[in-house]
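# Remarks on the overall topology
One-letter residues, chain by chain:
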Amino acid sequence: MHELSEWSSNIMDAQKIVVISAGLGTPSSSRLLADQLGDATARRAAGFGIEARVTTYELRDLAVDIANNFVTGFAAPKLAEAIEDVERADALVVVSPVFSASYSGLFKSFFDLIDNKALEGKPVLLGATGGSQRHSMVLDFAMRPLFSYLRARIMPTAVFAAPMDWGQSADGDLGGAGDLTSRLERAAAELAAELVHDGGASAAPKVATRPEDKSFEELLADLTSGR
């Protein structure tokens, strides 16, 4: 009975990471990047002693339901499940291919269905894929503003992957793959650290360090402590 109780407690304490991929192809480089970011974050979280469960949604599988929702105002069961999972997640990994120097319409349409306040304070790791490195600006000029508007906590490191980032040249050179791995691992570590900050299974007690996170009493104490 004690073992069952302990198992139930661990399940309750597990942090939920929801991964959203807006890739359209099969296979999809956006899905590949999304999977690597989600897996790396779960692995980093485990290093902190936190169990993280990853749930992944491919928006192309929900495209018809998303379009119908705009017309009817009704979310089909699979779409409703995805929306609920995003709104209840402890952290998000979101990846979009680049279309016309921005995120895809499918990506934007899905997040238009999310309640405006549901992502407030939620840690979000941004990722994007495109045909060349010059498209990487989509992260700072399109995706960050969108999630800033939704008041999410956006990770400092965002990850862009172009075709050259995945491949290996004929002479065995990894090309950009090594750099992609380092960026991916750094971003995953940042998101995992946020799960610790938010009170993971074996995390230290949360202490507010940023002014915007502190109560009035804490701010007042800071102002008067030097007197």
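Our subject is the structure that appears above.
### Examining the packing of aromatic side chains
Within a pair of aromatic rings, the relevant descriptors are the distance that separates the centres and the angle that separates the planes. Following the criterion strictly, the structure yields five aromatic pairs and no others. Their ring planes at 35° and their centres at 5.8 Å tell us that Tyr103 and Phe107 sit as a pair that is tilted. Accessibility classification places Tyr103 together with Phe107 in one group, the buried group. Ring plane angle 85° and centroid distance 5.2 Å describe the contact between Phe110 and Phe111, whose orientation is recorded as edge-to-face. The buried category is assigned to Phe110, whose relative accessible area is 0%. Look at Phe111 and you get buried, because its relative accessible area is 3%. Through a chain of ring-to-ring contacts, three or more aromatic side chains come together here, namely Tyr103, Phe107, Phe110, Phe111 and Phe147.

### Focus on the pairing of strand E2 (residues 52-58)
Across a regular strand the side chains alternate sides, sitting on one face of the sheet and then on the other. The pairing of strand E1 (residues 15-21) with E2 spans seven bridges and is classified as parallel. Bridge pairing in E2 places Gln15 opposite Ala52. At this point the chain moves from E1, through helix H2 (residues 29-47), to the parallel E2, and the crossover so formed is right-handed.

### Details of the nonpolar core
With 38 residues, the main nonpolar core has Val94, Phe110, Phe111 and Phe147 as its most contacted residues. Top element by residues in this core is helix H6 (residues 138-149). It accounts for six residues. Setting aside its immediate chain neighbours within four residues, Phe147 contacts Val94, Phe107, Phe111, Leu119, Val124, Leu126, Ala152 and Ile154. Counting residues in hydrophobic clusters, the runner-up holds 24 residues, among them Ala40, Val95, Leu125 and Ala187.

Rules behind the numbers
- Along each chain, residue indices are assigned from 1 in the same order as the chain's sequence is written.
- For this predicted model, a pLDDT threshold of at least 70 governs which residues receive local features, and a threshold of 80 or more governs which side-chain atom pairs are given and counted, while totals over whole chains, interfaces and linings are taken from all residues.
- Note: side-chain values were computed over all heavy atoms of the structure, leaving out hydrogens and water.
- Pairing of aromatic rings covers Phe, Tyr and the six-membered ring of Trp, with a centre-to-centre limit of 6.5 Å; geometry is then stacked below 30 degrees between planes, edge-to-face above 60, and tilted otherwise.
- Exposure is judged per residue with a 1.4 Å probe applied to protein chains only, and the accessible area is read against the type maximum: over 50% gives exposed, under 20% gives buried, and values in between give partly exposed.
- Whether two strands pair comes down to DSSP finding at least two bridges between them.
- Each helix is a run of DSSP H or I of at least 4 residues and each strand a run of E of at least 2, with the numbering of both proceeding from the N terminus.
- Assignment of crossover handedness uses the view with strands pointing away from the viewer, where a clockwise path from the first strand over the helix to the second indicates a right-handed crossover.
- Each nonpolar core is a collection of buried residues, namely Ala, Val, Leu, Ile, Met, Phe, Trp, Tyr and Cys, held together in the definition by side-chain atoms within 4.5 Å.
- Note on contacts: a residue pair is in contact if any heavy atoms of the two residues lie within 4.5 Å.

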